[in-house]
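# Secondary and tertiary structure notes
Spelled out from the first residue to the last, the chains are:
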Amino acid sequence: MLIAGVLSMCAAAASAGFGTWSLAHNQSPHPTAVVLRSMAPTQFAAAVMLTAGGVVALAAAPHTALVVLIVCVAGALGTVAAGSWQGARFAVRQQASAPACAGNCVGCTQSCG
């Protein structure tokens, strides 16, 4: 359980790092930038779940630690997947509702080509 606990803590640090990276981007009205920033809370939530699983894996009895670690990892993956799904739906709706450029790129936020 020592290895699983350490791996869980490393994954938590990576998730928190990606969340911080997402928040560090400059604010832009482009849907991709908005979706990247909106992923930060889910990444921080996943980091908290993975940290909890790692701490339990390091401190509890092996049988209990395994169950809690599985639940925490599944919860973290589910949280990030749900956040990604919602972000993708938002981006698709934003791009579908944006007016087409029709070759005129003045004032258009989409790439014209």
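The rules behind the values
- Residues numbered from 1 in each chain as written.
- Predicted model: local features only at pLDDT ≥ 70, side-chain atom pairs only at ≥ 80, totals over all residues.
- Heavy atoms only, no water.
- Helix = DSSP H or I, 4+ residues; strand = E, 2+ residues; numbered from the N terminus.
- Contact = heavy atoms within 4.5 Å.
- Areas by Shrake-Rupley, 256 points an atom, 1.4 Å probe, with all protein chains shown as cover.
- Axes fitted to C-alpha atoms, helices over the stretch in contact; angles between N-to-C directions.
- Parallel < 35°, antiparallel > 145°, perpendicular 65-115°, else oblique.
- Left-handed = near helix turned anticlockwise from the far one by under 90°.
- Nonpolar A, V, L, I, M, F, W, Y, C, P; charged D, E, K, R; others polar.
- Expected span 1.5 Å × (residues − 1).
- Buried < 20%, exposed > 50% of the residue type's maximum accessible area, 1.4 Å probe, protein only.
- Arc of directions from axis to C-beta.

## Some words on the overall build of the protein chain
Check the secondary structure of the protein chain and you find four helices and zero strands. Contacts in the protein chain between residues at least 24 apart in sequence constitute 63% of all its contacts with a sequence separation of at least 6. Here the protein chain displays about 7,000 Å² of accessible surface, and carbon together with sulfur accounts for 72% of that area.

## Some remarks on the packing of helix H1 (residues 2–24) against helix H3 (residues 40–59)
Axis angle and axis distance: for two packed helices, these are the angle between their axes and the distance between the axes, and together they describe the pair. For the pair H1 and H3, interaxial distance at closest approach is 8 Å and the crossing angle is 165 degrees. With respect to their mutual orientation, H1 and H3 come out roughly antiparallel. Crossing of H1 against H3: the hand is left-handed. Across the contact of H1 with H3, the residue classes break down as 16 nonpolar, 10 polar and no charged.

## Things to note about H3
With 20 residues, H3 should cover 28 Å at 1.5 Å per step; its first-to-last C-alpha distance of 29 Å lies within 8% of that length. Inspection of H3 places Ala40, Thr42, Gln43, Ala46, Ala47, Leu50, Gly53, Gly54 and Ala57 among the buried residues, and these make up the whole buried set. Around the axis of H3, the buried residues are gathered within 150 degrees of arc, so they sit on the same side. Exposed and facing more than 90 degrees away from the buried side of H3 are Pro41, Val48 and Ala59. Those residues of H3 that are buried lie in contact with H1, helix H2 (31–38) and helix H4 (62–97).

## Topic: the environment of Cys72
Relative to the elements of secondary structure, Cys72 occurs in helix H4. Sequence separation between Cys72 and Val56 is 16 residues, and the spatial gap between their C-alpha atoms is 9.9 Å. Excluding anything up to four places from it in sequence, Cys72 contacts Met49, Ala52 and Gly53.

## A word on the packing of H3 against H4
Contact pair H3 / H4: the axes reach a minimum separation of 8 Å and the direction vectors enclose 175 degrees. One finds that H3 runs roughly antiparallel with respect to H4. Contact residues: H3 offers Thr42, Ala45, Ala46, Met49, Leu50, Ala52, Gly53, Gly54, Val56 and Ala57, while H4 offers Ala65, Val68, Leu69, Cys72, Val73, Gly75, Ala76, Thr79, Val80 and Gly83. Residues of the contact of H3 with H4, tallied by class, amount to 14 nonpolar, six polar and no charged.

## Examining H4
Taking 1.5 Å of rise per residue, 36 residues should cover 52 Å, and H4 covers 52 Å from first to last C-alpha, within 8% of that figure. Within H4 the residues assigned to the buried category are Ala65, Leu69, Cys72, Ala76, Gly83, Gly87 and Ala91. Next to the buried residues of H4 lie H1, H2 and H3.

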